[in-house]
Amino acid sequence: MTHDDTFTINPIQHVAHLPFLAYKNNRLTMDKVDLNTVANEFGTPVYVYSKQAILANYQAYVDGFSDIESQICYAVKANSNLAVLQTLAKAGAGFDLVTGGELARVLKAGGDPNKIVFSGLGKSHADIAQALQVGIACFNVESVSELYRISEVAQKMAKTAPISLRVNPDVDAKTHPYISTGLKDNKFGISHAEAIQVYKLAKTLPNLEIVGIDCHIGSQLSEVNPFIDALDKVIELICQLKTHDIYLKHIDLGGGLGVRYTDETPVNLTDFANALLPKLKTLGLKLYLEPGRSIVANAGVLLTKVDILKPTEHKNFAVVDCAMNDLIRPTLYEAVMAVIPVNLDTHADNKADNKIWDIVGAICETGDFLAKNRTLALAENDLLAITGAGAYSFSMSSNYNSRPRACETLIDNNKIHLIRERETVASLWEGEHLLG
Ligand SMILES: *Cc1c(COP(=O)(O)O)cnc(C)c1O
């Protein structure tokens, strides 16, 4: 489905695919909590996450790969709220980081350094030093220059840095070009052709210990075949490395499993595990996975209120109180997300109210839309839920147009916890200075 298609999402059928959401007495609930209550108590726009759903998604990975030694490292960038990280840390999750800032967050949330893998193209000297200090499990190295840098920092600190090379297996993940990362013209990783040479170099550099190999081919993947192709390419390298007396302890296949936003049929986790397990068992190495989206996306919704209805001759616009600064996925990645009413009975008596709407924010950009061409019966002040908003949503939010960011809440055992306060306008200029 694209933004150009006109479509209707049946809210009841839609939530049937999301086990933690349900309509009770025509009101949308998350883990039995009425989402009207969340909006009334904390205002809108507000992010709402289900702790139970996050834990269930994590556990599915653990169970899927229970036949082999594995460590699931949640990709922090998908949703880095401290309470979310804490929830996963307590369940035994490790973490996949891309910055020193994310490392600090994970430590603050109680994450175990021994279960951390550090990815990312631009690790600074300070990031590397901090990671060595706390003793992370592995640096996923993305360039030759980074290899020298890690060796140098480790020497100065008299530490040994555990490293893995992120190889670029050159497989087509068949996803949106902006979230495809494993093709040879992507900026990520070390090419398959150069990998052996770079491993040999790593072996000669001081204070490095080669422990693994990793790849991450893209995000929102809906097929298992690209993962298998990547695994085959990585296994080929592992075999070649043995002939150079380089023996690895782990293989890290990254993240990337897709989720259902509207009508996608993502790979089910059991099928994913069953497709990979035979090869992994033969290999005999510890498995690391770095799922982000598939842990949190469908554990969250963004609640927003219809502010102004603006029907025009050509198009009908519903201006809502969230905008591209709160949720940039639709405009950045052309992502199509479901928008459903929180209250089903509001317009039930008047089906003729159905119109085709573009759901837009109030920001001064044509790209400021949340959804396009949706058939909905809308009135001002209606409460809407954008589903699939647990991943790459709040974590990508900004203050564009001096809009304070939304608050975040987490439902745990029928209780609503405020896990991030709504920003105030005054907080937006903290750190700015007027002249003289
Ligand atoms: C973003 C990212 C992930 C997580 O990807 P998802 O699609 O959210 O599962 C994992 N590993 C690396 C290196 C990443 O950059």
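Keep in mind that what you see is a predicted model, and the values were worked out from it rather than measured.

### Quick word on the overall build of the chain
Assigned secondary structure in the chain consists of twelve helices and 21 strands. In terms of overall size, the chain behaves like a compact globule, its C-alpha atoms giving a radius of gyration of 23 Å where 436 residues would be expected to give roughly 22 Å. For the C-alpha atoms alone, the extent of the chain along its principal axes is close to 75 × 60 × 40 Å. Looking at the chain as a whole, 56% of its 436 residues qualify as buried. Partitioning the contacts of the chain with sequence separation of at least 6, the portion at a separation of at least 24 is 71%. Within the structure as shown, the chain displays about 18,800 Å² of accessible surface, and the carbon and sulfur contribution to it stands at 49%. In the chain, 40 side chains carry a positive charge and 50 a negative one; their mean positions are 4 Å apart.

### Details of the state of the cysteines
Tallying each qualifying case throughout the model produces zero disulfides. With no disulfide partner, Cys 73 has as its closest neighbouring cysteine sulfur the one in Cys 138, 9.5 Å distant. Residue classification places Cys 73 among the buried residues on the basis of a relative accessible area of 0%. A relative accessible area of 0% means that Cys 138 is categorised as buried.

### Quick word on the pattern of salt bridges
Scanning the model with the defined rule gives eleven salt bridges in all. Across the pair Arg 27 and Asp 34 runs a salt bridge whose closest N-O atoms are separated by 2.5 Å. The exposure class assigned to Arg 27 is partly exposed, which follows from its relative accessible area of 36%. The buried category is assigned to Asp 34, whose relative accessible area is 17%. Residues Arg 405 and Glu 423 are paired through a salt bridge, measuring 3.1 Å at the closest nitrogen-oxygen approach. Taken together, the residues Arg 405 in the loop between β19 (383–387) and β20 (407–412) and Glu 423 in the segment after β21 (415–420) connect sequence positions 18 residues apart.

### Some thoughts on the domain arrangement of the chain
Each assigned domain of the chain is listed here: domain 1 (11–50 + 297–427) and domain 2 (51–294). The C-alpha-based centres of domain 1 and domain 2 are spaced at 32 Å. Counting from both sides, the interface comprises 29 residues of domain 1 and, opposite them, 21 residues of domain 2. Carbon and sulfur atoms supply 52% of the area that domain 1 and domain 2 bury against each other, a total of about 2,100 Å² over both sides. It is Asn 298, Tyr 333 and Tyr 392 that lose the most area in domain 1 upon contact with domain 2, and together they represent 25% of the buried surface on that side. Ionic pairing is found between Asp 412 and Lys 51, a salt bridge with its closest N-O pair at 3.3 Å. At the junction of domain 1 and domain 2, the tally comes to 16 residue pairs in polar contact (both at pLDDT 80 or more).

### Some words on the nonpolar core
With 135 residues, the main nonpolar core has Phe 139, Ile 251 and Leu 303 as its most contacted residues. Here the element with the most residues in this core is helix α9 (residues 225–243); it accounts for nine residues. Taken domain by domain, this core gets at least three of its residues from each of domain 1 (11–50 + 297–427) and domain 2 (51–294). Grouped together as the second largest cluster of nonpolar side chains are six residues, Cys 73, Cys 138, Val 211 and Tyr 288 included.

### Quick look at the packing of aromatic side chains
Scanning all chains against the criterion turns up six aromatic pairs. When the ring of Tyr 47 is compared with that of Phe 394, the centres are 5.8 Å apart and the planes differ by 85°; the resulting orientation is edge-to-face. Taken together, the residues Tyr 47 in strand β4 (residues 46–50) and Phe 394 in the loop between β19 and β20 connect sequence positions 347 residues apart. Taking the relative accessible area as the measure of exposure, Tyr 47 reaches 0% and is therefore buried. Put simply, the rings of Tyr 47, Tyr 49 and Phe 394 touch in pairs and so form one group of aromatic residues. The ring centre of Phe 118 lies 5.5 Å from the NZ or CZ of Lys 123, which sits over that ring. Sitting over the face of the ring of Phe 369, Lys 372 holds its NZ or CZ atom 4.2 Å from the ring centroid.

What counts as what
Note that residues are indexed from 1 along each chain, following the sequence as it is written. A pLDDT threshold of at least 70 governs which residues receive local features in this predicted model, and a stricter bar of 80 or more applies before side-chain atom pairs are shown or counted, although totals over entire chains, interfaces and linings include all residues. Only hydrogens and water are removed before side-chain values are computed, so all heavy atoms of the structure are retained for them. Secondary structure follows DSSP: runs of H or I at least 4 residues long count as helices, runs of E at least 2 residues long count as strands, and numbering of each begins at the N terminus. Here the radius of gyration uses the C-alpha set of atoms, whereas the globule reference equals 2.2 Å times the residue count to the power 0.38. Accessible area is worked out with a 1.4 Å probe on protein chains only. A residue is then buried under 20% of its type maximum, exposed over 50%, and partly exposed in between. Residue contacts follow a heavy-atom distance rule, with two residues in contact if any of their heavy atoms lie within 4.5 Å. Surface accessibility in these figures is a Shrake-Rupley result with a 1.4 Å probe; residues are shielded only by whichever protein chains are displayed. His residues and chain termini do not enter the charge count, which takes Lys and Arg as positive and Asp and Glu as negative. To locate a charge, take atom NZ for lysine, CZ for arginine, CG for aspartate or CD for glutamate. By definition, disulfides here are pairs of cysteine sulfur atoms that lie within 2.5 Å. Basic side-chain nitrogens of Lys or Arg form a salt bridge, by our definition, when they fall within 4 Å of a carboxyl oxygen of Asp or Glu. Domain start and end points were adopted from an automatic or database domain assignment. By convention, the term buried area covers the 1.4 Å-probe accessible surface removed from two parts as they join, with the contributions of both added. Throughout this description, a polar contact denotes any pair of N or O atoms lying within 3.5 Å of each other; where both atoms belong to protein, one of them has to be capable of donating a hydrogen while the other can accept it, and for residues adjacent in sequence the pair is counted only when both atoms sit in side chains. Buried Ala, Val, Leu, Ile, Met, Phe, Trp, Tyr and Cys residues form a nonpolar core when they are joined through side-chain atoms within 4.5 Å. Centres within 6.5 Å make a pair out of two Phe, Tyr or Trp rings, where for Trp the six-membered ring is used; the pair is then stacked when the planes are under 30 degrees apart, edge-to-face when over 60, and tilted otherwise. Only when the NZ atom of a Lys or the CZ atom of an Arg is both within 6 Å of the ring centre and within 35 degrees of the ring normal do we say a charge sits over the ring.

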